[in-house]
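Coordinate analysis (summary)
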Amino acid sequence: MPVGLFRVCLLVITAIVNHPLFFPKENGTVPESTEEIIQKMKEREESLRLEQLRLEQEIADQEATQKALEKAAVVVEESKEENVRWDMWTALSMVIFLLIELWRQDFQEGNWQDIGGEEDDMAVLGKAFKGVAFPDKAVLASFYEKRILGTTGDMARMREMVEGFADDLLEALRSVCNRDADMEVEDCMGVGSMYENWRVRKPFVCDLIVPFAPPEPYCFRCQTWCSGDSFPPDEQGYGTIKVCRADEDATGCICDKTKLGEDMLCLLHSEVSSTRPSREMEDLLCFKNTQYLDSDQVMKWFQIAVTKAWNRISHKYEFDLSFSLLDSPGALKIKFKSGKSVAFNLTPVVQYENSDVYFISHFPRSNLAADIPSSTHWFLTFAVYERRFIQLVSKTLPANACHVSCLQILSFLHGKQCSLTGPSGLTNYHLKTVLLHLLQARPSQDWAPEKLEARLQDMLKFLEKCLHEKKLCHFFIGNEKVPAELGFPIIFQRAEPLNLFRPFVLRRDIYRKMVDTFHEMLRNMSALINEYTVHIPLAHTNGIRKEPL
């Protein structure tokens, strides 16, 4: 009982104490706390709403960026597919073009090297022959007998006289030269049309080449465009000649190719014995500050030496000797008291190794000198091998073969046409090259004398084909079918073929002049030939335009 009363009393007291009326001031803060809470809840709600908006904006931006990236990826992928397709077609087109070009070159080279066979193989173009009346066998035979055959005896007598005088002149030249300092001159050799018996136009001019070598202890190191050295395309057919001491290695010491440090010394070459270009090199006819032989210096030395030699022996002869052409340093002329004169060319050359290929300082009566890159570049001449090849082939041909007659007639026609319309880029050397190709390609029986007309047409058609394609390959360079009996250097046989018409590819004016001259020669051919025959059949004059000679 007391415990229950105690609990009731404690409950009443607690209720009275906690009644709000006893603490009116303290209980007055409750409403204020509620308002603050509500205010904070509103601020929190506003901040959450702003955060939600920000997050939604970021999500929208990310989605837009993702869409842009996907679109860009699609565009790049499509572009790659288009590029791949374009590259594939481009590569395919290039492959097709290269295959066509290779086939065309192989076809052309095959035609040049394998022209023999049927007569129709020569009619590749033949457009220039339409409407042209070609002289028949009787007219050609009469023309050859009346105009060309009689010059053979004159050439033989002139060759004998010129060779005898040239030998005497060179012997005197050796006597006036210093054997210890000057170049050593060897015996001369006859080359060209006069010694191959196909020159027809007067005045007759003998071409003699004179090999020379440096004095001891020096020697020549020859470098050609096909010997592994780097030569640009416009210098194909040329080479350089380096003057070295005979005891030097052909490749030279490494100190010449490597820049040694200041604290390094070559044990083979001291400063005194180094091969620096000096006045001694210039005395050896080298280009200034180099070891390379200068063709201009060689020609000046040769002219001076020839003049001294003639002064020594002039009392023995009853004629005068002079240099006939300023632009051809080796062109000499013998003038007799009767007024007659004899011209010949004496040109110094350098032998290539142990072969009969020679570096020639310049070409007489040729415009090739203007195309030489520099005076240290020497053109290679294969004239000795050309003469030997003609002699070798002639032994296998029928008696009185027509190969020389074809070249003589064609050379005569070309010369007459040039006298009417002016000179062109086409030369007698081009005509001889055409003959050399045909001599190798056609069987021996095709050169019988009764086939003169057919072979002359073959030469003209072959030349027309080469003019149309702007390509006439050098006969020896790149020709692996050269007879082994000639002993021709293998390095030139394995070289890339040399196009003799390459200078005319970019010089269109000269090329156009050359083609026009050829076509004019075809149109005037019958008139030019009939002019020198006794009887001209009427049938051969119809439709031919005849111009005054």
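That block above? That's the structure.
Residues numbered from 1 in each chain as written. Predicted model: local features only at pLDDT ≥ 70, side-chain atom pairs only at ≥ 80, totals over all residues. Heavy atoms only, no water.

So, on to helix H11 (residues 452–469). The terminal C-alpha atoms of H11, which comprises 18 residues, lie 26 Å apart, in line with the 26 Å expected from a rise of 1.5 Å per residue. Counting buried positions over the 18 residues of H11 gives 13, a clear majority of the element. Of the residues trailing H11, Lys470 is marked for its positive phi of about 55°. (Helix = DSSP H or I, 4+ residues; strand = E, 2+ residues; numbered from the N terminus. Expected span 1.5 Å × (residues − 1). Buried < 20%, exposed > 50% of the residue type's maximum accessible area, 1.4 Å probe, protein only.)

Attention now moves to the state of the cysteines. Using the criterion set out here, one finds 0 disulfides in the structure. Here Cys286 stays unpaired: no disulfide links it, and the sulfur of Cys244, its closest cysteine neighbor, is 8.9 Å away. We classify Cys286 as buried; its relative accessible area is 3%. (Disulfide = S-S within 2.5 Å.)

Side chains of Met88, Trp89, Leu92, Ile96 and Ile100 sit close together on the surface and give an oily, nonpolar patch of about 530 Å² of accessible area. Here Trp89 shows up in helix H2 (residues 30–113). (Patch = residues over 30% accessible without salt bridge, like charges linked within 9 Å, V, L, I, M, F, W, Y side chains within 5 Å. Areas by Shrake-Rupley, 256 points an atom, 1.4 Å probe, with all protein chains shown as cover. Salt bridge = Lys/Arg side-chain N within 4 Å of Asp/Glu carboxyl O.)

This model, assessed by the stated rule, comprises 16 salt bridges. With a closest N to O distance of 2.2 Å, Arg54 and Glu51 form a salt bridge. In this pair, Arg54 and Glu51 are both assigned in helix H2, 3 residues apart and thus about one turn of the helix distant. What emerges from the salt-bridge pattern is a single network uniting Arg442, Asp446, Lys451, Arg455 and Asp458.

This paragraph deals with the packing of helix H8 (residues 383–394) against helix H10 (residues 428–441). Between H8 and H10, whose axes approach to 11 Å, the crossing angle comes to 40°. Considering the angle they form, H8 stands oblique to H10. As for how H8 packs across H10, the hand of that crossing is left-handed. Residue-level inspection shows Glu386, Phe389, Ile390 and Val393 of H8 in contact with H10, the latter providing Tyr429, Lys432, Leu436, Leu439 and Gln440. For the contact of H8 with H10, the residue count by class is 6 nonpolar, 1 polar and 2 charged. (Axes fitted to C-alpha atoms, helices over the stretch in contact; angles between N-to-C directions. Parallel < 35°, antiparallel > 145°, perpendicular 65-115°, else oblique. Left-handed = near helix turned anticlockwise from the far one by under 90°. Contact = heavy atoms within 4.5 Å. Nonpolar A, V, L, I, M, F, W, Y, C, P; charged D, E, K, R; others polar.)

Turning to the pairing of strand E8 (residues 341–351), a few remarks are in order. Of all 11 residues in E8, 9 are buried, a share of seventy percent or more. As defined by bridge partners, strand E3 (residues 205–213) adjoins E8 across 7 bridges and the pair is classed as parallel. From the neighbouring strand, Ile209 faces E8, where its bridge partner is Thr347. Pairing geometry for strand E7 (residues 331–336) and E8, over 5 bridges, is antiparallel. Looking at the pairing, Lys335 lines up with Ser341 of E8. Hairpin connection, E7 to E8: the antiparallel pair is bridged by 4 residues, and Gly339 has positive phi, about 105°. In the sheet, E8 pairs with strand E9 (residues 358–360) via 3 bridges, with the strands oriented antiparallel. (Pairing = 2+ DSSP bridges.)

By secondary structure assignment, the location of Asp168 is in helix H4 (residues 151–176). Residue classification places Asp168 among the buried residues on the basis of a relative accessible area of 18%. If we skip the residues at most four places from it in the chain, Asp168 touches Ile313, Lys316 and Tyr317.

What follows deals with the environment of Cys286. Summarising the element assignment, Cys286 is placed in the loop between helix H6 (279–283) and helix H7 (295–313). Residues Cys286 and Ser375, 89 residues apart in the sequence, show an inter-C-alpha distance of 9.9 Å.

Turning next to the packing of aromatic side chains. Tallying each qualifying case throughout the model produces 27 aromatic pairs. Taken together through their ring pairs, the aromatic side chains of Trp225, Tyr352, Phe359, Phe382, Tyr385, Phe389, Phe475, Phe476, Phe488 and Phe492 make up a single cluster. Over the aromatic face of Tyr195 sits the side chain of Arg159, whose NZ or CZ is 5.9 Å from the ring centroid. The residue whose ring lies beneath Lys470 is Tyr511, and the NZ or CZ to ring-centre distance is 4.6 Å. (Phe/Tyr/Trp six-rings, centres within 6.5 Å; stacked < 30°, edge-to-face > 60°. Lys NZ or Arg CZ within 6 Å of the ring centre and 35° of its normal.)

Taking 1.5 Å of rise per residue, 12 residues should cover 16 Å, and H8 covers 17 Å from first to last C-alpha, within 8% of that figure. When we look at burial in H8, the residues that qualify are Ala383, Val384, Tyr385, Glu386, Phe389, Ile390 and Val393. On its buried face, H8 sits against strand E2 (189–191), helix H5 (193–196), E3, E9, strand E10 (378–381) and H10.

Axis separation between helix H9 (residues 403–421) and H10 bottoms out at 10 Å; the angle between their running directions is 155°. Classified by the interaxial angle, the pair formed by H9 and H10 is roughly antiparallel. Taken as a pair, H9 and H10 cross one another with a handedness that is right-handed. Of the residues in H10, those in contact with His403, Leu407, Leu410, Ser411 and His414 of H9 are Asn428, Leu431, Lys432, Leu435 and Leu439. Each residue belonging to the contact of H9 with H10 can be placed in one class, and the counts come to 5 nonpolar, 4 polar and 1 charged.

These figures capture arrangement, not role.
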